[in-house]
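# Results of the structural survey
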Amino acid sequence: MAHQRRVQLSTQRPTSTVCVLGTELSLDVCGSAPKDAIAFHVQGTPGVKLYVVHETQSVKLPSSVGRWPLAPGAEVLLAMDALSKDVGDEKVRISYFREAGGVPVGRAMLYLTCVEVSLDADTTRSGAVSRTLLDKTTWTWGPDGHGAILLVNCDRDDPKAETPDNRDTAIRSYADLKDMSQMVLRTRGPRTIFTGHRLVLHVDFGDADKVGVFYGGNSIALEEYKHVLGGSKLAYTVKPSRHQEESIFYVEGLAFPDVGFSGLVAFHITLLESPEKGLLETPIFTDTVVFRVAPWIMTPNTAAPLEVFVCSVDDNEDFVAAVGAVAEKAKCPLTVCPLLENRQDRWIQDEVEFGYVQAPHKTFPVVFDSPRDRGLKDFPVKSILGPDFGYVARQAPEGTSSLDSFGNLEVSPPVTVRGKEYPLGRILIGSSFPRFGGRRMAKAVKDFLVAQQVQAPVELFSDWLQVGHVDEFLSFVPAPDRKSFRLLLASPSACYQLLKEKQEEGFGEAVMFEGLEGVPKPTINEILANEGLRKFNNYVQSCISWNRDILKRALGLAEPDILDIPQLFHGDVASGAEAFFPDMVNMLVLGRHLGIPKPFGPLVGGQCCLEQRVRALLEPLGLTCTFIDDYFSYHILSGEVHCGTNVRRKPFAFKWWHMVP
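Residues numbered from 1 in each chain as written. Predicted model: local features only at pLDDT ≥ 70, side-chain atom pairs only at ≥ 80, totals over all residues. Heavy atoms only, no water.

### Considering the overall build of the chain
Helix and strand counts for the chain come out as 10 helices and 41 strands. Against the compact-globule benchmark of 26 Å for 661 residues, the chain has a radius of gyration of 34 Å, which places it well outside the compact range. For the chain, the spread of C-alpha atoms along the three principal axes comes to 120 × 55 × 45 Å. Counting every position in the chain, which comprises 661 residues, the buried fraction comes to 57%. Here the contacts in the chain between residues at least 6 apart in sequence split such that 72% fall between residues at least 24 apart. When the accessible surface of the chain is summed, it comes to about 27600 Å², and 53% of that surface belongs to carbon and sulfur atoms. If you average the places of the 68 positive and of the 81 negative side-chain charges in the chain, the two averages end up 7 Å apart. (Helix = DSSP H or I, 4+ residues; strand = E, 2+ residues; numbered from the N terminus. Rg over C-alpha atoms; globule rule 2.2 N^0.38 Å. Buried < 20%, exposed > 50% of the residue type's maximum accessible area, 1.4 Å probe, protein only. Contact = heavy atoms within 4.5 Å. Areas by Shrake-Rupley, 256 points an atom, 1.4 Å probe, with all protein chains shown as cover. Lys, Arg positive; Asp, Glu negative; His and termini not counted. Charge placed at Lys NZ, Arg CZ, Asp CG, Glu CD.)

### Structural notes on the domain arrangement of the chain
Partitioning the chain into structural domains gives domain 1 (4–115), domain 2 (122–293) and domain 3 (297–653). Summarising the inter-unit geometry, the C-alpha centres of domain 1 and domain 3 are found 74 Å apart. (Domains from an automatic or database assignment.)

### A look at the packing of helix 7 (residues 492–507) against helix 10 (residues 609–618)
In the contact formed by helix 7 and helix 10, the axes pass within 11 Å of each other and the chain directions differ by 120°. Of the possible angle classes, the one that applies to helix 7 and helix 10 is oblique. The element helix 7 and its partner helix 10 pack so that their crossing is right-handed. For the pair helix 7 and helix 10, contact is made by C495, L498, E501 and K502 and by C609, L610 and R613, respectively. Class assignment for the residues of the contact of helix 7 with helix 10 results in 4 nonpolar, no polar and 3 charged. (Axes fitted to C-alpha atoms, helices over the stretch in contact; angles between N-to-C directions. Parallel < 35°, antiparallel > 145°, perpendicular 65-115°, else oblique. Left-handed = near helix turned anticlockwise from the far one by under 90°. Nonpolar A, V, L, I, M, F, W, Y, C, P; charged D, E, K, R; others polar.)

### Some words on helix 2 (residues 317–329)
Taking 1.5 Å of rise per residue, 13 residues should cover 18 Å, and helix 2 covers 19 Å from first to last C-alpha, within 8% of that figure. Three or more residues of helix 2 are buried, namely F319, V320, V323, G324, V326 and A327. When helix 2 is viewed along its axis, its buried side chains cluster within an angular range of 165° and face the same direction. Opposite the buried face of helix 2, at more than 90 degrees from it, the exposed residues are E317, D318, A321 and E328. For helix 2, the secondary structure elements touched by its buried residues are strand 21 (305–311), strand 22 (334–337), strand 36 (588–590), strand 37 (593–597), strand 40 (624–628) and strand 41 (645–649). (Expected span 1.5 Å × (residues − 1). Arc of directions from axis to C-beta.)

### Quick look at empty space enclosed by the protein
Under the defined criterion, the tally for this structure stands at 5 cavities of 30 Å³ or more. A volume near 160 Å³ is recorded for the largest cavity. N301, Q349, E353, H642 and R649 are, among the 18 residues lining the largest cavity, the residues nearest its centre. Listing elements by their share of the lining of the largest cavity, those giving two or more residues are strand 23 (352–359), strand 26 (409–411), strand 36 and strand 41. For the lining of the largest cavity, the element with the highest residue contribution is strand 41, accounting for 4 residues. (1 Å grid on protein atoms, 1.4 Å probe; cavity = no way out; pocket = protein on both sides within 12 Å on 5 of 7 lines; lining within 4 Å. Points joined across faces, edges and corners; volume = space filled by probe spheres on them.)

### Brief notes about the sheet that holds strand 30 (residues 458–461)
Taken in spatial order, the 3 strands line up as 26-29-30 in an open sheet, and their pairing is mixed. Each edge of the open sheet is held by one strand with a lone partner, namely strand 26 and strand 30. Going across the sheet, the axis of each strand differs from the next one's by a mean of 35°, ignoring polarity. Relative to the sheet, helix 9 (residues 531–555) contacts strand 29 (427–431) and strand 30, its axis offset from that of strand 30 by approximately 165°. (Pairing = 2+ DSSP bridges.)

### What about the environment of V76?
Along the chain, the position of V76 falls in strand 8 (residues 75–79). Residue V76 is classed as buried on the basis of its relative accessible area, which comes to 0%. For the pair V76 and P661, spaced 585 residues apart in sequence, the C-alpha separation works out to 45 Å. The contact partners of V76, leaving out residues within four places of it in the chain, are L25, S26, L27, V29, F40, V42, L50, Y51, V52 and I94.

### A short note on the side chain of D350
Along the chain, D350 turns up in helix 4 (residues 348–351). Look at D350: it is buried, it has no salt bridge, and the nearest opposite charge is R372 at 4.7 Å. Of note is the side chain of D350, whose polar atom sits 3.1 Å from the backbone nitrogen of G407. Not counting residues up to four positions away in its chain, the partners in contact with D350 are S370, R372, S405, F406, G407, H469 and C643. (Salt bridge = Lys/Arg side-chain N within 4 Å of Asp/Glu carboxyl O. Polar contact = N/O pair within 3.5 Å; in protein donor to acceptor, adjacent residues only side chain to side chain.)

What follows is the structure, given as structure tokens:
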């Protein structure tokens, strides 16, 4: 239904008003009728379409019918479909009658000016702003959805700037403008009409701190771009140019969806009529366009790698070289974070998570900085934030635990669960569930992840581990069949099965940790005879099995989608479990190339039986296994290869707005 506005008429003096293209005016014929009038006749010039709505037949009828009874509720509707050339160039006249056939007892005259006022954005998600018949006030998901999209402008295009671009109110470069979404105001019609009317661009009070709007008038000079909306600025008066029918505004997001912010923001353009001096202006037309702020999206480790990160610390030259060799095989560049920047903090997986933001006109990576804040605290801002590389962080005012490190933040590949599609996968975080009083991820971090909507998080039980990260017992690798991936789970029972097998084959005296100096070297027989170790691993297996069931339900997996990677843990229930030998699921996945912690398992026929088993599981999937010695540089410090590396990956080909959360 067209936007409709009521117009009061007068038989004392002519009335003038504006009709905005695409809207209807409802004329109050009864309110202006002289006393005792019983009928009316309505006439308009050729540019006006007139209809009469009559009480007894509440339908629109052409006004060409001669006279109409002046019954309660009678109204005249008018619309115009061509712009005026001059102010007041179209007219409507209403004549009132007391009796049939008599002369008019009064006339009301209305002078009309038709103008176009339209606020548009890329509601079709094509990458360009165009006029559309779509409802601009709603935003819908799915392949047939519509609605404009806004990026949080959280990169830093000017290397000299101290902060991300969304924390200032200046345009520093054309690159900065390219991160923003365009919003186009179209104003057509006689220019003089806008001297007696005011056009105001405004944003709702509750949204003002979520967006910034810049306007450069007709200029292309950067210094002409002014911050006109957002923050404390709720409204801006637009002065349509005499020579230009379009005004282009540039809109940036300042905040990601979060608790109390759905991500939807509305902008309005309102045409105000200026009455006589001393009276307030009155709104006569509003057009609204709604944007959704693009979510932050994580990439699973089955996505193609673009850049590998590793820290160089005092004792890990061999590790850095080994990671570099795997990166080279995968044809992936390696970025080494130097000691000066990492301050002896080697756990780069725990400090940051790489993701991205995407709109139809632009995609760029965004690093999510964890609240753990150790030696690597300044690295994301100082070394990653930059042109077309954004930054977001969440703090934990209640204090952080190990579960706030991002080894405890993973995402699955795309899955379908009981008919529901998750084309961007599901985020996996570890928690103290199902125990009470344990460690949990900070509320601010978890709330942020949930609010992004597109990767519905799943909570797993990880507090049974001493460090408490989900990457200590699970990983995903690409596969050529089934769901295009396999879930790898650490498995004490698979490890005991393998060791028992080797014992039965006569290798009971083969030892662990061959070649490592100063490390006790238990035999297969001793491990199998250690009742305390077995009992503890039965407990660990029950914890992992609990997670296996959650993962099967939440990701729609069947047993053939899961591979059990032999692994033992040690520790106690109070302090938590740690890997007994380097934890093989905690691996670096670079396409088909895997960098796996070297387990130093018992040698059988000159080969590590643990490595052989893992190769037998993974190589049939077309994967190449490289075992990396991380024993002294990472393992004994409670972490492994995955904990000590990080990967920026290719964004999904799937557009997030095509999904239905």
